[in-house]
Each structure stands twice: as C-alpha cells, then as structure tokens.
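This is what each chain is made of:
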Amino acid sequence: VDAANVKMAGWLRGTVKEVVSGDTVVIAGAVKSGPAPEKRLTLSSIIAPKLGKRDGTSKDEPFAWQSREFLRSRVIGQQVVFKVDYVVEQLQGREFGSVFLGQENMAVSIVAAGLAKVRTGQQNSPYIENLKKAEEQAQAAHVGLWTKDPAAQAAAVRNVPIGEEGNSANAIIAAVGKGKPVTGIVEQVANGGMLRITLLPDYHQATVVVSGVQAPSMGRRAAPPTAADGGPAAPSAATIAAASNAEPYAVEAKALAESRALHREVRLVLEGVDKFNNLFATVLVPGAPPAGGEDSLAELLVRAGYAKCVEWSLNMMVSGSQKLRDLERTAKAEKRAIWTNYVAPPSTQGKLSDAFTGKVVEVASGDCVVIKDAATGVERRVQLSSIRAPRPATRDRAAEPWATDAKEFLRKRLVGREVEVKMEYTRKVPGMGEEAERLLAFGNVETVPDKGEEKQNVGEMVVARGFATVIKHRSDEERSGVYEKLVECEDIAKAAKRGVHSAKEPAANRINDVSTPGNAAKAKQYLPFFQRAGKMLGVVEYVLSGHRLKVTIPKEGVTIVFAPSGIKTPQRAQGAQHGKPAVGGEPFADEAVAFTREAALQHDCELNVETMDRGGTFLGSITISPATSAGRPLDLALALVKAGLARIQPGMEPSRLTNGTALADAQRAAKEARLKIWASWTPEQDKVEDEDEEEAGAGGAATGGGGGRGGGGGGG
C-alpha cells in the first residue's frame, strides 16, 4: 500500500495497541490526550492457532504462541495502514480487514512463515491470491504448522504452569531473586499500576503491581442494562463509561500504561511481595522512538500526574524511589491531572543545594558533625540526612542506649579528616523548654580518601554499623539523596543484629569525671598514679580555653582538666560567677580557643602528667595524634607558641620545661615576626622584669588556669 492509495476510500492509519492472537489486532487512532478510539480487526481470509485459556481448561494449539509472537514482535506500537474488508454479522459483527506495515501485508507474512492458514469463504481478502501463494510456499518448505517433524510439533505447545504453586508471587520471587531482572510480555493492563504479565522463559502468569506508586482505580462496573426482549444488550463505550465508578483520571492512567506497556516485552526488577501475595516490581518499558532505550512505567505515570507515590511501596524499591518523589513534587507544583486541586500543606522544611569541603572539627552525636568550611573558615553544624542516632546525654536526661558508641564510632573515623558535604534540606524543630525554635541543616557527608582508602558516605557507615536508624519520611518530605542506599544498609544491620538492632545491652560507660569545679581533692587522688604511669593515652573531650582541656583517660576511667606546663594563652572573657566579678577577655583569646579546637578537640592524644595546681588542673606535656596516616603528632604547647597565641609564663625558666629550648626558640621567632599577641612587642620589653609573679599567676600562669576555669563555650 503506497501513500497515494492510503488516501483512497476505506484506508485508515492507526497504531497497533494490542495483538490478541496471530490473526487479530486492536488498532488505536491518534488523539492529543486521553483514551483513543479503537478498532478490533481480524486479518481477512486467514486463521491462526488459538492460545489456551488462563485457567488451564484448554492448552495452546501447536504454534499458537509462536504465531502471536510473530505478529506481536513486528507490529505492536507501530503505525500501520488498515482497511475493513468485510463484516460477519453471525460473529457479533466481527470486522475482517487488511493490515500493512509499510509495504508489508501482515497476513501474507504470517502465512508465509507457516504460522497461520488460509481460510476462504463467501467473503475473502482482496489479497486472497497472494495468501494462497504464500501458503503453498510454506507447505513446500515444511515450516511452522506444515512441519513433518513430530518433535517440532510437540515443542510448539507451551508448558504453562497452572495454579498457585507455580504462579504464586512468593514462588516467583524466590526463583528469580529480589532485585533481579526478568523479562515478560504484558498481557493485560488492569489499571495504570497493575499488569498481568507472562514471565519468560517459563511462561509463569503473574499479576504485577508497579512498585512505588498507586494509580487511580478503575472501580467495579455495574451490571450492563438488558434489552427489551430480556437478552443482554451490547454495551457501547459510553454505556461502559457511565456504568463505571472509576476514580478521576483512572481511564487516562490506564490508557497511558496500555500505550506504553500492553503486549510489549518489558523488563521487570522484582522487589517484593505484600501480605496479600501481590508481586511488586519496577516495570521498564521500551523507550519511545527515536530515543529508544527503556522508560520506567512508574516515572511515566507520576510525571503525567496519573499516579501518586506510596511510601511503603517506595521502600521496597531497589533503586529509583528518590526520582519518583522528585517527579511527584514537580507534578504537584504544576497541578497536573490528579493534583489539579492540590494545596501544599504548611512546611517546616526547605531545600538546600550548596556543597562545600572542609575538616571535621567535632562529632556532636552519631548523626551530627561540626565541619570547618575550607573556603570561609566558618564552622557549620551538619545533621546527617534521613537518619537518627541515639540521643546523647543532656543536663535533663541520660544518654539513650548506644549513643556513646555511635558518637565514638564517628569520632574515631572523622575528627580531623577532610570531607565533602552536599547540603540537602533544612527542618525547623521546637526548642527544649523555653528555647526558641531551631533550624537544623541536613546534608550528605563523604570522606576524602586517605592513601589506600575509598570514599565513604558517613550516613551509610553509621547505619550499616547499627548505630543509627533510617527515618521513615512522609512522601512530601525532603530526604537524603542516597535514601535507598541507607535503607539497604539498615537492612544489613538488622539482619546482622548490630547496635540498636541487637537484643544485647551496650557495654556500660563508667567514667569518673573529676573535671568539674569543686573536685580538686578527688582529682588529687589520681596524681601519684598518673606520675608513675608516665605517658598515657587519652581523648580531648572539651576545650575550656586556649590551653586548658578536658581529657578522658579510658584506661584509668577518669576525665580530668589538663594544661601544658609553663605556657599561658590569653584569658577569655568570663561572666560573674561564684561571687566573683565579670572578667574581660584579653586580645586573641578567641583565636587561641579556635586554634586548639581545630587542632585538638576530640583527637586522640598522649599526655604525661608532672604535677597538679591547687584548682585541680593537671600539668604536663600533651601531644595530639594525627587524624590521617600522612599527618604528624602535634606538640600543642609548641604549636600555640609558634602561632603567637601563647607565651612562656613570666619567671618560668625554659630549662625546667619539657622541650623548653624549642619553646624558647619558638617564642623568640613569634616575637620577631610580631605574631598575634606579640603584635606590639619591642625588644625593650624583654628587659623589663615582671616583679609581681602573683599577678601573673592570677592570669593562670602558675596554676595553668590562664584561660579561666570552666569557660564552657570553648567546647562548642
């Protein structure tokens, strides 16, 4: 049929929507939107073998499946030219016609392949002679229905599993495996999100629900009206529509699914079975030309506004759930289809999109870190997206089980390390007690690999270890960009019964804290043990001032206040407390605290206790361990002096100090460079001897308390 003949009376164009059998097709007309008009057409003057019934009461005739597949694989979804040749009223007005795909007469092709026979009658195809000639050639070649090979005839009948044993959802997913792909032919579209599929190569029959979404229901059709003589009336399309209680946009959703999936070979990713034994899968349909490839049926429906996301179903998905949420958010914003009257509820969150790199300064909990932005130098508090770790202790409540373990897990792996951060969303949370409402910022944090390491997502690390759970968000809430991976990690932790998923109680964290004011006598009891122990390993828990630290010594089970011997940093401002007046801060006090926070806070350290002052502060030397294999140990006292943020105490002889010569040399270099506290230094000042050593001691020199006792803000 050429283009000129198409314009002749009776020839029409359409797209093949369905291939019922090797001799019958359903052709849809072209419309801009919504369901298209359809015509069911049987190819004139041929008969193809019949497929068996789904209930197993009849089997396939030989070559029935091959016949249907021959025609389906060639014409489904293709634009064809067709013409009705004749109508047989005795068969309820069935229409017979000719169908051309380009120049190819499909009836002639299927007869030539031996997959249909010619049948003549009172009315015949205009191409009956071509059909007879094609049949003669097939008979001569012994192909298809004309084969003489008994084995080929036996193999031409499918062995279709019948009943629940072979076709149950649990049996299918057990045989294939969750998350594994399988191909199939979509036999029927019940609604936009439910399909009946023949799975290949074993011909299992499965009703498949599209994962992650819910399309409007087609409802139940009322009984059709009866004719005047009491017999059933043939329902028209209008009658069916009127008798249906379909939900809004159900017909459009079904039409979309049929246009892209019906009788197509699709790829399924099996993802789960619900309590009603329904099989859930991601359905990947052939991509629309000319792009080709594959399209997700769920994405097509959600993008058009013909389906909504369902959280419990999204959680089954192996991948792609976040994209569905994003598509739904767009459809809502543009009020497409089912979202025409959608009004967004008041939100307590906002979207973020900035990214930065920086160094982890502090781990506040198992799901919160403080990161110093490398570009701005500002410390940013980042909550890990979509996870919740056990809450640490506060003044008003004890720590939740595993809170200490979760925090320690991240501390060991992150503090001092460079990380990459992608901020994702904010959320308002009510303050505790009389506190004002707080705005938390959430993001994804990934480690920058050290030598021999791989990049790791921090949220995935803590969830997989069982130290945090994944938040079950509402469908309209922002969430982590790696939410699906987080769910996978949580499943692994649950299966292994790790951390919070374990039935065991966490190990008790018994630490005697003698760092608080008024505990000098208790602290002094540890002095002889520390002096005999020599070098001890500890963790810097808190920065009280530029040179005063709270250090936990795990082996001894104690937390103390510690300061490097013989140096002092500028004193921080202090409010009036314990009957003492407020004290103003000295220049560069805050810079000293910031320096020590970045260099020492929550780092492992090695300390050597030499003595203790009257206020309960232990004095000695402290070395901060490096965060990475490329780093070097840091002598905190020497580093502060080199930076011009600390000085050797007046009247202190350097020879009495550990590493005293290096400290004296560093101080001399800082003075000459006029660094920080030495900005206005002159050589003449060194000639003036400070006679009031008591005043210098009050500044913290003799006691190690130059930063002020208990300056709580330093630890963040």
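Note that this is a predicted model, so its numbers are computed, not measured.

A. Focus on empty space enclosed by the protein. Under the criterion given, the structure shown has 3 cavities of 30 Å³ or more. If you add up the space inside the largest cavity, you get close to 120 Å³. Lining the largest cavity are 13 residues, with Ser565, Gly620, Ser621, Ala637 and Thr658 positioned closest to its centre. Mapped by element, the contributors of at least two residues to the lining of the largest cavity are strand S31 (617-624) and helix H19 (636-642). If you tally residues by element for the lining of the largest cavity, the top one is S31, at 3 residues. In the lining of the largest cavity, the residues fall into 6 nonpolar, 5 polar and 2 charged.

B. Just the nonpolar core, in detail. Core analysis: the largest hydrophobic core is formed by 39 residues, its most contacted members being Leu268 and Val283. Discounting chain neighbours no more than four positions away, the residues touching Leu268 are Lys180, Pro181, Val182, Ile197, Leu199, Val208, Ala281, Thr282 and Val283. In this structure, Ala523, Val540, Leu645 and Ile648 belong to the second largest nonpolar core, which totals 38 residues.

C. Main features of the packing of helix H9 (residues 250-261) against helix H10 (residues 297-304). Taken N-terminus to C-terminus, the directions of H9 and H10 make an angle of 145 degrees; their axes are 11 Å apart at the nearest point. Considering only the axes of H9 and H10, their crossing is right-handed. Two secondary-structure elements touch here, H9 through Ala253, Leu256, Ala257 and Arg260 and H10 through Leu297, Leu300, Leu301 and Ala304. Residues that form the contact of H9 with H10 fall into these classes: 7 nonpolar, no polar and 1 charged.

D. How the structure looks around the pattern of salt bridges. Following the criterion strictly, the structure yields 36 salt bridges and no others. Each of Arg68, Glu69, Arg72 and Glu187 takes part in salt bridges that share partners, so that together they form one network.

E. Structural context of unusual backbone geometry. Put simply, Leu200 and Pro201 share a cis peptide bond, and its omega is 10 degrees. Tracing the backbone through its elements, the reader meets Pro201 in the loop between strand S10 (194-199) and strand S11 (204-210). Positioned with a positive phi, Asn659 is a non-glycine residue whose angle comes to about 65 degrees. If you trace the backbone, Asn659 turns up in the loop between strand S33 (647-648) and helix H20 (660-672).

F. Representation of a positive patch on the surface in the model. There is a patch of like positive charges on the surface, built from Lys412, Arg413, Arg465 and Arg498. Structurally, Arg413 is set in helix H13 (residues 403-414).

G. Quick look at the packing of H10 against helix H12 (residues 321-333). Where H10 meets H12, the closest approach of the two axes is 8 Å, and the angle between their N-to-C directions is 20 degrees. By the angle class used here, H10 and H12 are roughly parallel. Regarding H10 and H12, the two cross each other, and that crossing is right-handed. Across the interface between the two elements, Ala298, Glu299, Val302 and Arg303 of H10 pack against Lys323, Leu324, Leu327, Glu328 and Ala331 of H12. Residues of the contact of H10 with H12, tallied by class, amount to 5 nonpolar, no polar and 4 charged.

H. Focus on the pairing of strand S27 (residues 549-553). The element S27 is largely enclosed, with a buried count of 5 among its 5 residues. Neither face of S27 is open: one carries Leu549, Val551 and Ile553, the other Lys550 and Thr552, and all of them are buried. Pairing between strand S26 (residues 535-543) and S27: 4 bridges, direction antiparallel. Bridge assignment links Tyr542 to a residue of S27, and that residue is Lys550. In this structure, the hairpin formed by S26 and S27 is closed by a connection of 5 residues.

I. Just the packing of aromatic side chains, in detail. Applying the stated criterion to the full structure yields 12 aromatic pairs. Aromatic pair Trp11 and Phe100: ring centres 5.9 Å apart, planes at 70 degrees, arrangement edge-to-face. Of the two residues, Trp11 sits in strand S1 (residues 11-21) while Phe100 sits in strand S6 (residues 94-101), which places them 89 residues apart along the sequence. Since its relative accessible area comes to 11%, Trp11 is described here as buried. A relative accessible area of 5% means that Phe100 is categorised as buried. Judged by centre distance (5.5 Å) and plane angle (80 degrees), the ring pair of Trp339 and Tyr342 falls under edge-to-face. For the residue pair Trp339 and Tyr342, the accessibility class agrees, reading buried in each case.

J. Summary view of the side chain of Glu69. For Glu69, the location among the structural elements is in helix H2 (residues 64-75). The class for Glu69 is buried, based on a relative accessible area of 16%.

K. Structural detail: the side chain of Asp373. Along the polypeptide, Asp373 turns up in strand S19 (residues 368-373). Only 2.8 Å separates the side chain of Asp373 from the backbone nitrogen of Ala375, close enough to count as a polar contact. Residues in contact with Asp373, not counting those within four places in the same chain, are Phe356, Thr357, Gly358, Val378 and Arg380.

L. Geometry of the pairing of strand S3 (residues 38-43). Where strand S2 (residues 24-28) and S3 come together, 5 bridges link them in antiparallel fashion. Each bridged residue has a counterpart across the sheet, and for Val26 the counterpart in S3 is Arg40. Relative to S6, S3 runs parallel, the two sharing 2 bridges. What sits directly across from Thr42, in S6, is Phe96.

M. Region of the structure containing helix H15 (residues 483-496). With 14 residues, H15 should reach 20 Å at 1.5 Å per residue; the first-to-last C-alpha distance of 20 Å fits that figure. Three or more residues of H15 are buried, namely Tyr483, Glu484, Leu486, Val487, Cys489, Glu490 and Ala493. Tucked inside the fold, the buried residues of H15 contact H12, strand S21 (387-388), helix H14 (458-464) and strand S24 (469-470). Looking at the residues trailing H15, positive phi occurs at Lys497, about 55 degrees.

Definitions and cut-offs
Residues numbered from 1 in each chain as written. Predicted model: local features only at pLDDT ≥ 70, side-chain atom pairs only at ≥ 80, totals over all residues. Heavy atoms only, no water. 1 Å grid on protein atoms, 1.4 Å probe; cavity = no way out; pocket = protein on both sides within 12 Å on 5 of 7 lines; lining within 4 Å. Points joined across faces, edges and corners; volume = space filled by probe spheres on them. Helix = DSSP H or I, 4+ residues; strand = E, 2+ residues; numbered from the N terminus. Nonpolar A, V, L, I, M, F, W, Y, C, P; charged D, E, K, R; others polar. Core = buried A, V, L, I, M, F, W, Y, C linked by side-chain atoms within 4.5 Å. Buried < 20%, exposed > 50% of the residue type's maximum accessible area, 1.4 Å probe, protein only. Contact = heavy atoms within 4.5 Å. Axes fitted to C-alpha atoms, helices over the stretch in contact; angles between N-to-C directions. Left-handed = near helix turned anticlockwise from the far one by under 90°. Salt bridge = Lys/Arg side-chain N within 4 Å of Asp/Glu carboxyl O. Patch = residues over 30% accessible without salt bridge, like charges linked within 9 Å, V, L, I, M, F, W, Y side chains within 5 Å. Areas by Shrake-Rupley, 256 points an atom, 1.4 Å probe, with all protein chains shown as cover. Lys, Arg positive; Asp, Glu negative; His and termini not counted. Charge placed at Lys NZ, Arg CZ, Asp CG, Glu CD. Parallel < 35°, antiparallel > 145°, perpendicular 65-115°, else oblique. Pairing = 2+ DSSP bridges. Phe/Tyr/Trp six-rings, centres within 6.5 Å; stacked < 30°, edge-to-face > 60°. Polar contact = N/O pair within 3.5 Å; in protein donor to acceptor, adjacent residues only side chain to side chain. Expected span 1.5 Å × (residues − 1).

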